[in-house]
Amino acid sequence: FLHPSGAELYAVSYPFQGDLQAFHRQNLQRLAQLDAQLQAQGFRVQRQPLSGLSMGGRPALGVQSQILYQGQSYVDLSVYTTEGGRVYAFQLTAPAQAFPQVQGAFQALLQGVQIGEEARVFLPSRSPVSQPNLASQHSPASLRNPACPRSPASPRDRDPSPEPL
């Protein structure tokens, strides 16, 4: 989804064998490795692990990143949980000046998510997120700074656009 402010929202779910803490550790290790590559490409990234979060009433963890690329500042917030052998994650990337405008809607979305018995994510019927804009351009932050790891079979991994790291 793309918000008129330039904010981008991604949701992902894929199989993961392990608990929430194991996923969080794995994600932080992957991001630490990614940061060295990003620095070589001119990105400046500062990350802060987050704890004590919730997603649809379930315990969740996350990462908030401050990204500077070509003079533009971005904020990237990823929140994730595990249930039934799967990871469920939401990622919000926005220009730093627009982040406060969309953060409340993102928090409302996280609280309204329901993870059903069959371990599928169901969004609330009245989503606070704007309608998708299929012609959107991805920001450099979302293409090169995926704080929510995607499944190797993700369509974004097969996209011929600029190579995501």
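Residues numbered from 1 in each chain as written. Predicted model: local features only at pLDDT ≥ 70, side-chain atom pairs only at ≥ 80, totals over all residues. Heavy atoms only, no water.

Undergrad: What is the right way to read the environment of V102 from this model?
TA: Note on placement: V102 falls in helix α2 (residues 99-112). Once the C-alpha coordinates of V102 and L92 are considered, the two residues, 10 residues apart in sequence, prove to be 8.7 Å apart. (Helix = DSSP H or I, 4+ residues; strand = E, 2+ residues; numbered from the N terminus.)

Undergrad: I'm lost on the packing of aromatic side chains in this one. Help?
TA: Aromatic ring pairs are reported here in terms of the distance separating the ring centres and the angle at which the planes meet. In this structure the tally under the stated criterion is three aromatic pairs. Here the aromatic rings of F16 and F23 are separated by 5.3 Å at their centres, their planes lie at 85°, and the arrangement is edge-to-face. Of the two residues, F16 and F23, neither departs from the other in class, the shared state being buried. Chaining the aromatic ring pairs together yields one cluster made of F16, F23 and Y80. (Phe/Tyr/Trp six-rings, centres within 6.5 Å; stacked < 30°, edge-to-face > 60°. Buried < 20%, exposed > 50% of the residue type's maximum accessible area, 1.4 Å probe, protein only.)

Undergrad: Help me understand the confidence of the model for the chain in this model?
TA: Keep in mind that low pLDDT regions are not for reading the predicted coordinates in detail. Per-chain confidence: the chain averages 76 in pLDDT, with 68% of residues scoring 70 or above. Here helix α4 (residues 155-158) stands out as the least confident element of the chain, with mean pLDDT 32; strand β2 (residues 44-55) is the most confident, with 97. For the stretch residues 119-147, pLDDT sits under 50, and the model shows 85 contacts to residues farther than four places along the chain or on other chains. Low pLDDT, under 50, characterises residues 149-165; the stretch is placed with 28 contacts to residues that sit more than four places away or in other chains. (pLDDT = per-residue confidence, 0-100. Contact = heavy atoms within 4.5 Å.)

Undergrad: Would you mind showing me how to read the sheet that holds strand β5 (residues 86-95) here?
TA: Think of a sheet as strands paired side by side through backbone hydrogen bonds, with each pair either parallel or antiparallel. In space, the five strands of this open sheet follow the order β1-β5-β4-β3-β2, with antiparallel pairing throughout. Both edges of this open sheet fall to β1 (8-15) and β2, since each of them pairs with a single strand only. Strand after strand, the sheet turns through a mean of 15° between neighbouring axes, direction not considered. When strand β3 (residues 58-69) meets strand β4 (residues 72-83), the two strands line up antiparallel, connected through nine bridges. Along β4, the bridge assignment pairs V63 with S78. (Pairing = 2+ DSSP bridges. Axes fitted to C-alpha atoms, helices over the stretch in contact; angles between N-to-C directions.)

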